[in-house]
Amino acid sequence: MCRSFIWTGQGIVSKKALLAWEKICMPKSAGGFNIMNIAIWNKAAICKIMKAQKTMMDAGFSHDDIINMNRCTVKQIYHRLRGTFEKVSWRKVVCHNGGCPRWNFVLTMTAHGRLYTKDRLQRWGIQVDQECILCNSEKETIQHLFFECSYAKTLWSKLLAWQGIGRPVQGWDDELKWAEKWAKRKTATAELYKMVLATAIYYVWRKRNGRILTTRQEDGRQFAN
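Everything quoted here is computed from the prediction, not taken from an experiment. (Residues numbered from 1 in each chain as written. Predicted model: local features only at pLDDT ≥ 70, side-chain atom pairs only at ≥ 80, totals over all residues. Heavy atoms only, no water.)

Draft legend 1. Highlighting a positive patch on the surface. Taken together, the side chains of Lys-87, Lys-92, Lys-177, Lys-181, Lys-184 and Lys-186 define a basic patch exposed on the protein surface. Note on placement: Lys-92 falls in helix α7 (residues 91–94). Residue Lys-92 is classed as partly exposed on the basis of its relative accessible area, which comes to 41%. (Patch = residues over 30% accessible without salt bridge, like charges linked within 9 Å, V, L, I, M, F, W, Y side chains within 5 Å. Areas by Shrake-Rupley, 256 points an atom, 1.4 Å probe, with all protein chains shown as cover. Salt bridge = Lys/Arg side-chain N within 4 Å of Asp/Glu carboxyl O. Lys, Arg positive; Asp, Glu negative; His and termini not counted. Charge placed at Lys NZ, Arg CZ, Asp CG, Glu CD. Helix = DSSP H or I, 4+ residues; strand = E, 2+ residues; numbered from the N terminus. Buried < 20%, exposed > 50% of the residue type's maximum accessible area, 1.4 Å probe, protein only.)

Next comes the structure, spelled out in structure tokens:
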């Protein structure tokens, strides 16, 4: 129910999830959203109350730790049961990003390559026009949309110039690599860049969705007439 609510706002599954629930519950540094895994938390709470020896030892606690259970919190047990995760290379781009939550959400999904772009829909067997609706010249992919598309490229070029960054606009793979290096700097310009990147990604994605919705409405009116 929790995973369904994240994607649909309801407790009923109505569409394919962008990201696996296990990934969502991972820390932000590992590419997740640090949402609590209720199943693991309940297990941790039971361990605290019942001193479940097998589960505790599976989590890495020693016999002495189990005996001295009063020293452990449910949160500590939860983190041990959840295990360790490999950090993603772009963690500094999304972690502590000062942009709006919805901007950072779309940025994270883009970094994972999980947006509902037309090429992904086709791989799922959904027949859709593959042409980018913003430039009408290339096949729509994440690599193209951010920022090889002429519309997105113009926008991002102006935003780079506004920040005083003089470099050519690239496709998403190279843009993300550049952002990873830039985000390592502990400066105000680096923090601003992360927010502007999140804003640009969100705006382009929203513009793309708006164009598709408008086209569908126009097609519907033409059919009705």
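Draft legend 2. Molecular detail of the side chain of Arg-120. Here Arg-120 lies in helix α9 (residues 118–123). Although Arg-120 is buried, it forms no salt bridge, and the closest oppositely charged side chain is Asp-119 at an N-O distance of 6.4 Å. The contact partners of Arg-120, leaving out residues within four places of it in the chain, are Gly-113, Arg-114 and Leu-115. (Contact = heavy atoms within 4.5 Å.)

Draft legend 3. Up close: the packing of aromatic side chains. Tallied over the entire structure, the rule returns 10 aromatic pairs. Ring centres 4.8 Å apart and planes at 15 degrees place the aromatic pair Trp-178 and Trp-182 in the stacked group. Separated by four residues within a single helix, Trp-178 and Trp-182 lie in helix α12 (residues 172–183), roughly one turn from each other. Relative to Tyr-193, the ring of Trp-178 has its centre 5.2 Å away and its plane inclined at 55 degrees; by these criteria the two rings are tilted. Placement of Trp-178 in helix α12 and of Tyr-193 in helix α13 (residues 188–224) is noted, with a sequence separation of 15 residues between them. A residue is classified by how much of its surface remains accessible, and Tyr-193, at 1% relative accessible area, is buried. In this structure an aromatic cluster arises from ring pairing among Phe-146, Phe-147, Trp-156, Trp-172, Trp-178, Trp-182 and Tyr-193. Residue placement shows Arg-167 over the ring face of Trp-178; its charged tip is 4.1 Å from the ring centre. (Phe/Tyr/Trp six-rings, centres within 6.5 Å; stacked < 30°, edge-to-face > 60°. Lys NZ or Arg CZ within 6 Å of the ring centre and 35° of its normal.)

Draft legend 4. Summary view of the pattern of salt bridges. Considering all chains together, one arrives at four salt bridges under this definition. In this structure, the salt-bridge partner of Arg-208 is Glu-140, at a minimum N-O distance of 2.8 Å. Separated by 68 residues along the polypeptide, Arg-208 in helix α13 and Glu-140 in the loop between α9 and α10 (142–148) bring together distant segments of the chain. Of the two residues, Arg-208 and Glu-140, both sit in the buried class. Taking the shortest distance from any N to any O, the salt bridge between Glu-175 and Arg-167 comes out at 2.7 Å.

Draft legend 5. Highlighting the environment of Asp-129. For Asp-129, the position within the fold is in the loop between α9 and α10. Exposure remark for Asp-129: the relative accessible area of 53% places this residue in the exposed category. Through-space distance from the C-alpha of Asp-129 to that of Glu-140 is 9.2 Å; in sequence the pair is 11 residues apart.

Draft legend 6. Quick peek at a negative patch on the surface. On the surface, a cluster of negative charge is contributed by Glu-138, Glu-148, Asp-173 and Asp-174. Position of Asp-174 among the secondary structure elements: in helix α12.

Draft legend 7. Fine view of unusual backbone geometry. Following Phe-146, the chain continues into Phe-147 via a peptide bond in cis, with omega recorded as 5 degrees. With respect to the helices and strands, the residue Phe-147 is situated in helix α10. We note that Asn-34 has phi near 60 degrees; this positive angle belongs to a residue other than glycine. As for its position among the elements, Asn-34 is in the loop between α2 (21–24) and α3 (38–50). Residue Asn-136 is not a glycine yet carries a positive backbone phi of 55 degrees. Structurally, the position occupied by Asn-136 is in the loop between α9 and α10.

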